[in-house]
Amino acid sequence: MLQLPEIYAENIQRWLPELLSFSLTTLKIAFVSFLLAVVIGVFFAVCRTSNNYLLRSFAITYIEIARGLPIVVLLYIVYFVPPQLFPELNWRWFSDFTGAVIGLALHGGAILAEVFRSGIEALHKGQREAALTLGMTPAQSMTYIILPQATRIVLPPVANYAIGLLKDTSLCSLIGVNELMNDAKSIAFADYQPMAVFVLVAAIYFAMSYPLSLAVRTMEWRLNISR
Amino acid sequence: MNKETSGRPLLRITDLHKSFGGLEVLAGISMDVARGEKVTIIGPSGSGKTTLLRCINYLEKPTSGHIYIEGNLIGEKKVNGRIIHLSDRELAKERQEIGFVFQRFNLFPHLTALGNVAIAPQKVLALRREEAEQRARQMLEKVGLSHKINEYPERLSGGQQQRVAIARVLAMQPKLMLFDEATSALDPELIGEVLRVMRQLAEEGRTMVIVTHEIQFAGEVSDRVIFMDQGRIVEEGKPRDVLLKPKEPRTREFLKHIQER
Amino acid sequence: MGFWRILDERGWYFLTTLLGGWPETLTVAIGALIFALIFGLVVALLRISRWRILRFPAILYTEVFRGTPALVQLFVIYFGLPDIGFEPSPFQAAIVGLGLNGAAYLSEVYRAGIESIHRGQLEAALSLGMTPARALQYIILPQAIRTMLPPITNFAIVLLKDTSIVFVVGVVEVMALARNLVTETLQSAAVYLIAGALYLCVTLPMARLAARLERQRQAWQ
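Engineer: So, the layout of surface pockets: which residues are in play, and what are the values?
Structural biologist: Size it by volume and the second largest pocket reaches roughly 1,200 Å³. If you trace the second largest pocket, you find 32 residues lining it, with Asp88 of chain B together with Ile48, Arg50, Leu122 and Pro132 of chain C closest to the centre. Every element with two or more residues in the lining of the second largest pocket is listed here: helix 2 (88–95) of chain B together with helix 5 (90–116), helix 6 (119–127) and helix 7 (132–162) of chain C. A per-element tally of the lining of the second largest pocket places helix 7 of chain C first, with six residues. Looking at the lining of the second largest pocket residue by residue, the classes come out as 17 nonpolar, four polar and 11 charged.

Engineer: Please set out the pairing of strand 12 (residues 232–237) of chain B residue by residue, giving values where relevant.
Structural biologist: Taken residue by residue, a regular strand's side chains alternate between the two faces of the sheet. Residue and element names in this part refer to chain B. Both strand 11 (residues 224–229) and strand 12 contribute to a ladder of five bridges, which runs antiparallel. Directly across from aspartate 229, in strand 12, lies its bridge partner arginine 232. Between the antiparallel neighbours strand 11 and strand 12 lie two residues, among them glutamine 230 with a positive phi of about 50 degrees.

Engineer: Just give me the short version of the nonpolar core, but keep the residues and values in it.
Structural biologist: If you look at the biggest cluster of nonpolar residues, it comprises 114 residues, and the most contacted ones within it are Trp15 of chain A together with Leu18 of chain C. Among the elements that take part in this core, helix 3 (residues 71–85) of chain A stands out by supplying 11 residues, more than any other. Beyond its immediate stretch of four places on either side in the chain, tryptophan 15 of chain A contacts Ile7, Tyr8, Ile187, Asp191, Gln193, Ala196, Val197 and Leu200 of chain A. Membership of the second largest hydrophobic core comes to 42 residues, among which are Leu26, Met31 and Leu176 of chain B together with Ala125 of chain C.

Engineer: Kindly report on the interface of chain A and chain C, identifying the contributing residues and their values.
Structural biologist: Contact residues are listed per partner, giving 36 residues for chain A and 37 residues for chain C. For the chain A and chain C pair, buried surface summed over both sides reaches about 3,300 Å², with 73% attributable to carbon and sulfur atoms. The three residues of chain A that bury the most area against chain C are Tyr76, Gln84 and Met195 of chain A, which together make up 17% of that side's buried surface. For the pair chain A and chain C, the number of links is two salt bridges. A salt bridge links arginine 208 of chain C to glutamate 64 of chain A; its shortest N-O distance comes to 3.0 Å. Remark: the boundary between chain A and chain C carries 11 residue pairs in polar contact (both at pLDDT 80 or more).

Engineer: Please set out the environment of phenylalanine 179 of chain B residue by residue, giving values where relevant.
Structural biologist: All names here are of chain B. Topologically, phenylalanine 179 is positioned in strand 9 (residues 176–180). Exposure remark for phenylalanine 179: the relative accessible area of 0% places this residue in the buried category. Residues contacting phenylalanine 179, with those up to four places away along its chain left out, are Leu53, Val101, Ile166, Met198, Leu201, Met208, Val209, Ile210 and Val211.

Engineer: Let's hear about the interface of chain C and chain B: which residues, and what values?
Structural biologist: Between chain C and chain B, the contact holds 21 residues from the first and 24 residues from the second. Overall, the association of chain C and chain B removes approximately 2,000 Å² of surface from exposure, summing both partners, and the carbon and sulfur fraction of that is 62%. When residues of chain C are sorted by the area they lose upon contact with chain B, Glu123, Ser127 and Leu128 of chain C head the list and together hold 30% of the total. Glutamate 123 of chain C is the salt-bridge partner of arginine 54 of chain B, the closest N and O atoms lying 2.7 Å from each other. Linking chain C with chain B are six residue pairs in polar contact (both at pLDDT 80 or more), by the criterion used here. Take the side of chain C that touches chain B: its biggest share by element is eight residues, from helix 6 of chain C. A class-by-class count of the residues in the side of chain C that touches chain B yields nine nonpolar, seven polar and five charged.

About the cut-offs
Residues numbered from 1 in each chain as written. Chains lettered and ligands numbered in written order. Predicted model: local features only at pLDDT ≥ 70, side-chain atom pairs only at ≥ 80, totals over all residues. Heavy atoms only, no water. 1 Å grid on protein atoms, 1.4 Å probe; cavity = no way out; pocket = protein on both sides within 12 Å on 5 of 7 lines; lining within 4 Å. Points joined across faces, edges and corners; volume = space filled by probe spheres on them. Helix = DSSP H or I, 4+ residues; strand = E, 2+ residues; numbered from the N terminus. Nonpolar A, V, L, I, M, F, W, Y, C, P; charged D, E, K, R; others polar. Pairing = 2+ DSSP bridges. Core = buried A, V, L, I, M, F, W, Y, C linked by side-chain atoms within 4.5 Å. Buried < 20%, exposed > 50% of the residue type's maximum accessible area, 1.4 Å probe, protein only. Contact = heavy atoms within 4.5 Å. Buried area = accessible area lost by both parts, 1.4 Å probe. Salt bridge = Lys/Arg side-chain N within 4 Å of Asp/Glu carboxyl O. Polar contact = N/O pair within 3.5 Å; in protein donor to acceptor, adjacent residues only side chain to side chain.

Everything listed is a geometric property; what it means functionally is a separate question.
This is how it looks when you write it as structure tokens:
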């Protein structure tokens, strides 16, 4: 039978520092992808709600495809397809890290685009009209009335996306990025301790996501109270 | 007015207290209801009338005090000299004898009128489906809705929904019927049809405790009227006395207020 | 362009090879779905129970399985369990792994659905003499199911997409075959694009269906 406490006592001093340093890589990936995804999401949300038919269709197509593909497949496509499709171009800057970040961001952008869209659409037209009839400029109505409410609506789903993103970084290991999951694999198989190592890694991921989870729930609770 | 005196009261409440957190909503209620008696409870919002009713069928657990139906302790039992609360199963069994009509009807939207009335006889009393539906049909006829038995609640008017709710309670043949502001959520035109049913039930000799704002109805139908305020019984007596010649100043104020609306 | 010629000449071969992985993909997806639907309901009922001793494990389970990546969970089950004597097959590991992960997610869907049913319904049922269990069975759940259908459909789509990671535990489904093909032919662009198209052929119609169900539910309210 497995003696986890003993195994950890023996090895944790070797494992933990290494795993934690790769956790930093994980956090880096998540952070950059998140920012990029927000930018992409805002862009496509605006296109999606625009009056221009072409822009709307473009946005809808992108969103449907990016959400319909498994993340793994999207990562593979982003990382492998462009260099093969355009071999003439210079791809030396395109590391696995970059590919992973772009892939995750493209996926997240589609998700966030829908979140932002429903946030914008959830606000009654009446809100803007009321603000304008009170004498506010469109900019003021946006700043004081629309955006605060939209942010309220949008914050919990965005935060939930962030938590999912953190977990999804583990998929980057499948295209060779040296983050936490990949390191876990190498240690686990090098030291013949898969159970111990993977459980430890699970705990590390949990330690990263749980605080965020709690924060989201407090946020949701606070936002609901004030309704 | 019909009033069978069979000695023991059907419903007895002794020194009932109920607090929600720090707020005391019932501050010591004691009352008896005889078999076949109709008692109406009136009073301002927040007086605790609804909470009192909900304590009787244990939708709310009293903080202290006891409730007896036909001499039997409700919601609690004596075990080795100590009094403990009942399990859900035991509570459910006791609730079969008490009918509760809600202000907001609470019909089951996924069932037709017939289904609403038949489901409890079928699942709780374990009647066969045909028997349960037969009884349901009878009850729905009694409240004047035979032509609507296959309609879903969303297609019924408020008054019709409340009558279905009453039929649903009748199908369980309860000993005691509680009405929690049964007409307060209805448009004025629809109140009459529900009051008509309630009057009919009263004339049949059922034991009813009614919380209502319909003062005139209270006067016509009740054997006794109770005025509650701030968790206490302020005044009680025959409707003629309480409603037309109230002794307490608070009662007078409340009735004046109601009359003015 | 080299790419388009490859696609033209060998595209059909790639497609048919990848299609050979669909039975495995579907097996894992359906197996995990059934597991998650049933186990998720169990966890949800535990979660809303009155007794802390039943609630606590349910909460713990849900937090852990939603707070860790599915990939790690698969690795623990397939590579870790042998250490303590269980040796699951690739399929078993995949179905149980995705199933446990999914059940944690679904239990929250179930819980939200049950709690969304107005309290008055429960009170009416209890007042008629139903036990809480009966009230749940005949009054609450039938209504809750209608609310839960769209999120559950969406979950099924997510599950289908998640099957793309089970090749790590040795299941030979679409992605496993794709990677083999790439090793064999070095045509990563063509292969992965075709694989992507394959997934889209299933997920896009499902997503349209889910959207329609969602619209129906909103109309129903």
